[in-house]
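# Breakdown of the fold
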Amino acid sequence: MTRPDYAEKIPNNVGLAEDRRLQRALESWQPDFLSWWESMGPTLPTQDVYLRTATDVRGEGWATFGHVPMIDYRWGIFLADRDPDRRVAFGAHKGDPAWQKVPGEYRAELQRLIVIQGDTEPASVEQQRNLGATAPSLYDLRNLFQVNVEEGRHLWAMVYLLHAYFGREGREEAGELLHRNSGSVDSPRILGAFNEETPDWLSFYMFTYFTDRDGKYQLGTLKESAFDPLSRTCEFMLKEEAHHMMVGTTGVDRVVERTAQVMVENDTDDVTALGAIPLPVIQKYLNFHYSVSLDLFGGETSTNVANYYTAGLKGRWLEERRKDDHLLGDDSIMVDALREGEIGQVEVSALTGLNTDLRREYIADCAGGVKRWNRILEVAGLPQRLYLPHVAFNRRVGAFASIEASPAGERLTASEWEARKGQWLPTDTDKTFVRSLMQPVYQRGKIAAWVAPPRNGINGQPFDYEYVHLA
Ligand SMILES: [Fe+2]
Ligand SMILES: [Fe+2]
């Protein structure tokens, strides 16, 4: 069974109609989800939005596009097709048939992994809830809402697993996912970056580039899981994530493009008075979002993650393409570390260094974005370049959490850091300036002055398409 059933109250391709108990449990969670969406979701009133909805899980035509009132969006449960021959690709259970049920011995760990992933999905909706009020175009507004409804669906994906496989505890955790809130003092979201604000659209593009990309890598490791329903869930989520990456990548492209254009036309680096975002401010936003996203990968070494790997719960990025024994018992890896107080590296076992392995894949991917943004500057004939700051810069988690370093990786004292951090991270003045540019543009085909229009519209529609009907 692969095609989602849309006649159901909860669209799904998991045969929910045949499991009455589970169906009832999820149907009783559904109104809580909807009231969470109403109170914590997008604040801008709209009639409808040109959204894609998953209608199949494979092939090109997996989604259908149309104008829908957001509250009527069909959030559903979609898993990628089951491969009946799938086998565990790594760890102590390598070669065994993939698990269709949760083994008792790994129950607590699997539940924890699912809760942590699940917690990030609604968090980003909460972080982005006020952005509609300052959208630079209807096209951008639509993309924001598309990302929001799909993060809501990703919450559904995790809640399904909790309900279907983790009994009463799972149902309780599903409830908690709606009770924690981003930035809340009493019950914040689990991970730091998901309690930060996303107050403006430059932050939104940086978030979807750097922080959603962290999500892509985390989902990539869960897609390798021996627990097959988790693997299939993540596989389909990754398909949706591709659009979120596109929003971030092309969003930053368009900001850089517009800034470069204003710099060239006016032969100046200081574009502040001309209504564009200066390159040093773009760099500061990049520095911030990149460094907090690196924190999401956890410490450089982790015995928990080593155990998850050996148990088969969580693999490596593209596990099956790795040319090694997929056990890693004898291998080693160099990881970042403080050596006698200085920034350096140490050798550890490959298993304990798995967080570093994943983070390296992520960093290489992020470098691709910087390369494309620098290409835009190069084509414009400008000498300036953007860069990724050093891994020790602005870290709150891992080997360098206890020290301060410049983006170039030079070690700083606390007072040097205090004196200079405003050169590298957005200051209140920068944030106020960026916010001052955030005036909404809701006319068809029009766009704010600080960002270039996109090269392509959505689903073959032109840029001046009526992507959103405001209320
Ligand atoms: Fe997501
Ligand atoms: Fe996402």
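Residues numbered from 1 in each chain as written. Chains lettered and ligands numbered in written order. Predicted model: local features only at pLDDT ≥ 70, side-chain atom pairs only at ≥ 80, totals over all residues. Heavy atoms only, no water.

Note on the iron ion (ligand 1): its protein donors are E121 (OE), E151 (OE), H154 (ND1) and E241 (OE). The metal-donor distances range over 2.0 to 2.5 Å. One can describe the site at the iron ion (ligand 1) as irregular: its four donor atoms subtend angles covering 80 to 167° at the metal. Separating the iron ion (ligand 1) and the iron ion (ligand 2) is a distance of 3.5 Å, and E151 donates to both of them. One end of the pair, E121, is in helix α2 (residues 107–127); the other, H154, is in helix α3 (residues 138–165), with 33 residues separating them in the sequence. (Donors = N, O, S within 2.8 Å, 3.2 Å for Na, K, Ca; no water. Tetrahedral: all angles 85-135°; square planar, octahedral: opposite > 155°, others 65-115°. Helix = DSSP H or I, 4+ residues; strand = E, 2+ residues; numbered from the N terminus.)

A few words on the coordination of the iron ion (ligand 2). Each donor-metal-donor angle would ideally measure 109.5 degrees in four-coordinate tetrahedral geometry, or 90 or 180 degrees in six-coordinate octahedral geometry. Only E151 (OE), D212 (OD), E241 (OE), E241 (OE) and H244 (ND1) from the protein coordinate the iron ion (ligand 2), and they sit 2.0 to 2.5 Å from it. Each donor residue of the iron ion (ligand 2) belongs to the same chain, and together they define the spacing E-x60-D-x28-E-x2-H.

So, on to the side chain of N148. For N148, the position within the fold is in helix α3. For N148, a relative accessible area of 0% puts it in the buried group. Contacts of N148, omitting those with residues within four sequence positions, involve W37, P42, V125 and Q128. (Buried < 20%, exposed > 50% of the residue type's maximum accessible area, 1.4 Å probe, protein only. Contact = heavy atoms within 4.5 Å.)

Each α-helix winds once per 3.6 residues, and so residues spaced three or four apart point in a common direction. Between its terminal C-alpha atoms helix α6 (residues 228–266) stretches 57 Å, which fits the 57 Å expected from 39 residues at 1.5 Å a residue. Along α6, 29 of the 39 residues are buried, which leaves the element largely enclosed by surrounding structure. (Expected span 1.5 Å × (residues − 1).)

Moving on: the sheet that holds strand β7 (residues 468–470). Pairing is antiparallel in the open sheet, where three strands are placed in the order β2-β1-β7. In this open sheet, the two strands that pair with only one neighbour each are β2 (63–68) and β7. Direction aside, the axes of adjacent strands within the sheet are offset by 15° on average. Of the strands in this sheet, β1 (46–54), β2 and β7 touch α3, which is tilted by about 60° from β1. (Pairing = 2+ DSSP bridges. Axes fitted to C-alpha atoms, helices over the stretch in contact; angles between N-to-C directions.)

It is worth spelling out unusual backbone geometry at this point. We note that D267 has phi near 50°; this positive angle belongs to a residue other than glycine. You can see D267 is positioned in the loop between α6 and α7 (279–295). Residue D267 is classed as exposed on the basis of its relative accessible area of 71%. Non-glycine residue E340 carries a positive phi angle of around 50°. If you trace the backbone, E340 turns up in the loop between β3 (332–339) and β4 (342–349). Given the relative accessible area of 83%, E340 is considered exposed.

This next bit is on the pairing of β4. Remark: a regular strand shows side chains that alternate across the two faces of the sheet. Looking at chain direction, β3 and β4 are connected through eight bridges and run antiparallel. Within the sheet, the bridge partner assigned to M334 lies in β4 and is E347. Connecting β3 to the next strand, β4, in antiparallel fashion are two residues, including E340 with a positive phi near 50°.

Under the criterion given, the structure shown has 24 salt bridges. The salt bridge partner of R455 is E257, with a shortest N-O separation of 3.6 Å. Here E257 lies in helix α6 and R455 lies in the loop between α11 (428–437) and β7, a separation of 198 residues in the sequence. Taking the relative accessible area as the measure of exposure, E257 reaches 24% and is therefore partly exposed. (Salt bridge = Lys/Arg side-chain N within 4 Å of Asp/Glu carboxyl O.)

Attention shifts here to the packing of α7 against α11. Closest axis-to-axis distance for the α7/α11 pair is 11 Å, and the angle between their directions is 110°. The angle between the axes of α7 and α11 places the two elements in the roughly perpendicular class. Side by side, α7 and α11 meet where V281, K284 and Y285 of the first sit next to D430, K431 and V434 of the second. Considered class by class, the residues forming the contact of α7 with α11 number three nonpolar, no polar and three charged. (Parallel < 35°, antiparallel > 145°, perpendicular 65-115°, else oblique. Nonpolar A, V, L, I, M, F, W, Y, C, P; charged D, E, K, R; others polar.)

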